[in-house]
Amino acid sequence: MGRCSPRKARWIKEWQKILYIVPNAGSFIRTTAQISYGTSFLTALTEKYIENPRNSSSVEKVILGSSNGAIEVEAVGLDKIRAKLSRLDTLREASLDSRNVATAGSSGDIRRTCPDIRGLDLSKNLLPSWDVVALIATELGHLERLALNQNRMTLPRSAAIIADAFRQLRELQLNDTMTTWYELRVVIRYMPELQHVEVGYNRLRALEIPNQLSKDLFEHPNIRSINFDSNELHCWAEICEALRPITALDRLLLSSNQVGRIEPIADATKSPVRNLNHLALSFNALAEWTDIDHLVHWCPHLESLKLTGNPLMEGTQPGKNTRQLTIARIATLQTLDAAGISSRERTDSELYYLSYITKHGPSDESARCLEHPRWKELCEKYGKPDEQASSSKNKRDTLGNRLLRINIFRCSRSTSIHSSTNAKTGPNSDLNLSEPTALRVLPSMSMRAFHLKVAKSFKLPKGTQALKVWLKMPDDALIELPSEDDTHDLSWWGIEDGSGVILKEIHD
């Protein structure tokens, strides 16, 4: 399609706002044969899973779906698979996404046909309301997992319709459904066993409930995980307060929102999210170290944290050591940005943090304790840096010297590199390498954390699979370094101060 005019683009944008944001908005269309009014649940299920058997002795050709028609293979015995899938009474997982399901059909038919379904995907259908979903779920007495992504559903007309429909449900997906926080709270009150909820891509700007309706909502004791990925939430304190009724919350995903500040909390013992163990704040707007310090008081038991994509973590200079400073500020942390934290890395990070405070922090003791809440605790654990200097030949300087200086050489994506080969005489002799860039890291850093740091320092795409790294040996042989190794640190792999590493980006 060609580019539309600026005037038409503005018209389309405003029309999208009307369709997706304004309540009760819609459009008029002519009645034609091409309009689909949807189908019943059982009709869609039968069309998807029941296929007439063919000659079982014949060999059939099957096109691999992921090959876009390029790969054709021979398959034997597909009739046996068809026969197994056609046994709807034994079906436990059913996926009816994009099947135009709009009604539940006649009462009792679903229960008689497929009573054993545990997991059901009804994403991208024509479900008009929670009433229809409840009528389907009522007849699936063992239903535990339900996906309703990309549907637009109104609230149930009465509690009687939905009261007993979701008694066994444990997982619920409502991504891209434009479900509000109030609507979610209304629905989940009838799901007593619910543990995991996804409400991403719903344009949520705040977790609000009308005052006159808040008294009708109760605590939910079993929900352990909520995913708010890719919304527009921005106020941390308001988010936490809205989650107060979710008393068992253990995992909170707030990636790709607009949280720009972690406010201090007056009484940490009354934090609504004090039981959180896992928190994702990737790709928000956190920019100050005080945000991390305040986070410790909100979530005193935090074990896993994701901060990739925040201004605080995306320094312009290679070797900013944001990982070490984050680890040192949160004593309970075991995993940062999906990379495990070894006991040795924690020790090195905390010692580095002490030397950092001594060098860059205030000289007054009370000011240090105020600006760096762990200062006193770490001094008791390792001794004050000044005391270390007088008793062990200036250990602060020794700590600084423990940082390895690694020379990073970049090569083009088209360059072919062979591991364990002499680079002077072998296939790697023609490598066209860039000038080296120095990167300072701790020797206790895991290989996975090292890959992530290299990717961030050189502004490469997110994820350790976007690059490959080789270590240059003294004889110029090259050894590929694995990206997912959390077991061994850099020193175990033989990386020393002054080592050379070749970096190759492999994805666009």
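Coordinates for the structure precede this section.
Below is a short write-up of the structure. This is a predicted model, so every value here is computed, not measured. (Residues numbered from 1 in each chain as written. Predicted model: local features only at pLDDT ≥ 70, side-chain atom pairs only at ≥ 80, totals over all residues. Heavy atoms only, no water.)

So, about the sheet that holds strand β20 (residues 500-505). A sheet is described by the order of its strands in space; here five strands give the open sequence β17-β16-β20-β18-β19, paired in mixed fashion. Two strands close off the open sheet at either side, each with one partner strand: β17 (437-441) and β19 (478-481). Shown here is a sheet whose adjacent strand axes are inclined to one another by a mean of 35 degrees, direction ignored. Taken together, the six bridges between strand β18 (residues 467-472) and β20 define a ladder with antiparallel strand orientation. Directly across from L467, in β20, lies its bridge partner E505. Sheet strands in contact with helix α17 (residues 447-457) are β16 (404-411), β17, β18, β19 and β20, and its direction is about 140 degrees off that of β17. (Pairing = 2+ DSSP bridges. Helix = DSSP H or I, 4+ residues; strand = E, 2+ residues; numbered from the N terminus. Axes fitted to C-alpha atoms, helices over the stretch in contact; angles between N-to-C directions. Contact = heavy atoms within 4.5 Å.)

The 11 strands lie next to each other as β4-β6-β7-β8-β9-β10-β11-β12-β13-β14-β15, forming an open sheet whose pairing is mixed. The strands lining the two open edges of the sheet, one partner per strand, are β4 (93-95) and β15 (339-340). Two strands pair when backbone bridges link them, and strand β6 (residues 119-121) and strand β7 (residues 145-147) are joined in this way by three bridges, in the parallel orientation. The residue of β7 that forms the bridge with G119 is R145.

Evaluated as defined, the whole model comprises 20 salt bridges. With a closest N to O distance of 2.8 Å, E241 and R244 form a salt bridge. The class of R244 is partly exposed, set by a relative accessible area of 36%. Taking the shortest distance from any N to any O, the salt bridge between E350 and R346 comes out at 3.0 Å. Linking E350 with R346, this pair stays in helix α12 (residues 343-360), spanning four residues, or about one helical turn. Residue E350 is classed as buried on the basis of its relative accessible area, which comes to 1%. (Salt bridge = Lys/Arg side-chain N within 4 Å of Asp/Glu carboxyl O. Buried < 20%, exposed > 50% of the residue type's maximum accessible area, 1.4 Å probe, protein only.)

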